[in-house]
Amino acid sequence: QQATDILLGTLMTITITVANDRLLAVPFTREQIQNVFDGITSNMDWPNGWNQQKQIILKPENLQYLNDVSFRIAFHKDTGYDIPGPETVTVVVPASVLKSWGSTVAGSFTIYPPTAMVSVVSGQFHLNSLRAGGVVIQIQLIADYWETEAVLRSYSDFMFSFWTSTSKGRDARSGWNARRLVMLRPSGLQRVNDQQLHITLAADPHFDPTDPEVIIVSLPPEVLQITSLGLVQWAGELTLQGVSSLDHDCMFQRHSKGGRRIYQCRVSNEDGEDYHFLRHDL
């Protein structure tokens, strides 16, 4: 079981089955139901864990009698539930609901803390497309949920500030780190659903990286519903292609002036588009 389900109120149920005994006839009294809940305890005593929060998670109206040996409990949403590690919850069915009047252990289950991950669905883009605009970056969350679109827009510049290039040309004035907030704008952000986000890049004809750029996508907790500490970082890479190493793409020497050689260079991207420029040897 994931703590995420309790935090967000996702339908999460446990079915309790009694072995070698029978349940009393329903309906259970309020006292009997409370006895059932008292017997569902955690091995951990986290400040905001199961033992402290179960009075919110377990509601009498969410207990459903199935037959004379089993019943089901649906967990209620609890945004205050917070565990730093797994906790194992043991279910002891009390004697007050059994025909034999002897309590019995029905089993246990483990709840794990949420572990957020982020996946970039579309991961390679070419220079010409980025300059023209309209490129869509699709981001899928795993084990977490996006905040509302209004919150995402209000924190968009802050979020985009963590999307940084790791390439050697990252500090260039026309590269990703310098130009990203021209392309990444709040107006291009669309919350498709709880876990999917689309970002349409704005046109930037001045985007001109000196090398291929590799972007690490990190998300601050302010844009996520569950994660409260630290950055969630994508383990993969968002690659901006269309630029190659200049040393291998200078076709011929144009002329020499003042002891400095000037080359006419050409870069071709995977779409077969060429970009020409001049390069000076230092």
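Got a minute to help me understand the pattern of salt bridges in this structure?
Pairs can form between side chains of opposite charge once their charged atoms are near each other. Applying the stated rule across the entire model yields five salt bridges. The closest approach of N and O atoms between arginine 22 and aspartate 68, which form a salt bridge, is 3.3 Å. With arginine 22 in the loop between strand E1 (13-17) and helix H2 (30-38) and aspartate 68 in the loop between strand E3 (63-67) and strand E4 (70-74), this residue pair connects regions lying 46 residues apart in the sequence. Overall, arginine 22 belongs to the partly exposed group, its relative accessible area being 39%. For aspartate 68, a relative accessible area of 33% translates into the label partly exposed.

It is not clear to me how the confidence of the model for the protein chain should be interpreted in this structure. Could you clarify?
When pLDDT is low, close inspection of the predicted coordinates is not appropriate. Looking at the protein chain as a whole, the pLDDT averages 76, with 71% of positions reaching at least 70. Counting contacts from residues 243-282, a segment whose pLDDT is below 50, to residues more than four positions away or on other chains yields 76 contacts.

Is there a simple way to think about the sheet that holds E4 in this case?
As a general point, the strands of a sheet are linked pairwise by backbone hydrogen bonds and lie either parallel or antiparallel. In spatial order, the strands read E1-E4-E3; together these three strands make up an open sheet with antiparallel pairing. The sheet is open, and its two borders are formed by E1 and E3, each paired with just one other strand. The average undirected angle you get between the axes of adjacent strands in this sheet is 20°.

How do you make sense of the pairing of E3 when you look at a structure like this?
On a regular strand, one side chain projects to one face of the sheet and the next to the other, so that they alternate. Sheet topology note: the E3/E4 ladder contains four bridges and is antiparallel. Within E4, the position partnered with leucine 63 by the bridge is isoleucine 73.

Sorry if this is basic, but what is going on with the nonpolar core here?
Counting 26 residues, the largest nonpolar core has Ile40, Trp50, Ile73 and Phe75 as the members making the most contacts within it. Every element with two or more residues in this core is listed here: E1, H2, helix H3 (50-57), E4, strand E5 (87-93) and strand E6 (104-111). With residues near it in sequence (within four places) discarded, isoleucine 73 still touches Met12, Thr13, Ile14, Ile16, Val36, Phe37, Ile40, Leu58, Asn62 and Leu63. Of all hydrophobic cores here, the second largest spans 25 residues; its members include Trp163, Trp176, Leu197 and Val217.

Looking at this structure, how should I read the side chain of serine 156?
Inspection of the secondary structure puts serine 156 in helix H6 (residues 156-160). A relative accessible area of 1% means that serine 156 is categorised as buried. At 2.9 Å, the side chain of serine 156 and the backbone oxygen of arginine 153 are in polar contact. Those residues in contact with serine 156 that lie beyond four places of it in its chain are Pro186 and Leu189.

The rules behind the values
- Residues numbered from 1 in each chain as written.
- Predicted model: local features only at pLDDT ≥ 70, side-chain atom pairs only at ≥ 80, totals over all residues.
- Heavy atoms only, no water.
- Salt bridge = Lys/Arg side-chain N within 4 Å of Asp/Glu carboxyl O.
- Helix = DSSP H or I, 4+ residues; strand = E, 2+ residues; numbered from the N terminus.
- Buried < 20%, exposed > 50% of the residue type's maximum accessible area, 1.4 Å probe, protein only.
- pLDDT = per-residue confidence, 0-100.
- Contact = heavy atoms within 4.5 Å.
- Pairing = 2+ DSSP bridges.
- Axes fitted to C-alpha atoms, helices over the stretch in contact; angles between N-to-C directions.
- Core = buried A, V, L, I, M, F, W, Y, C linked by side-chain atoms within 4.5 Å.
- Polar contact = N/O pair within 3.5 Å; in protein donor to acceptor, adjacent residues only side chain to side chain.

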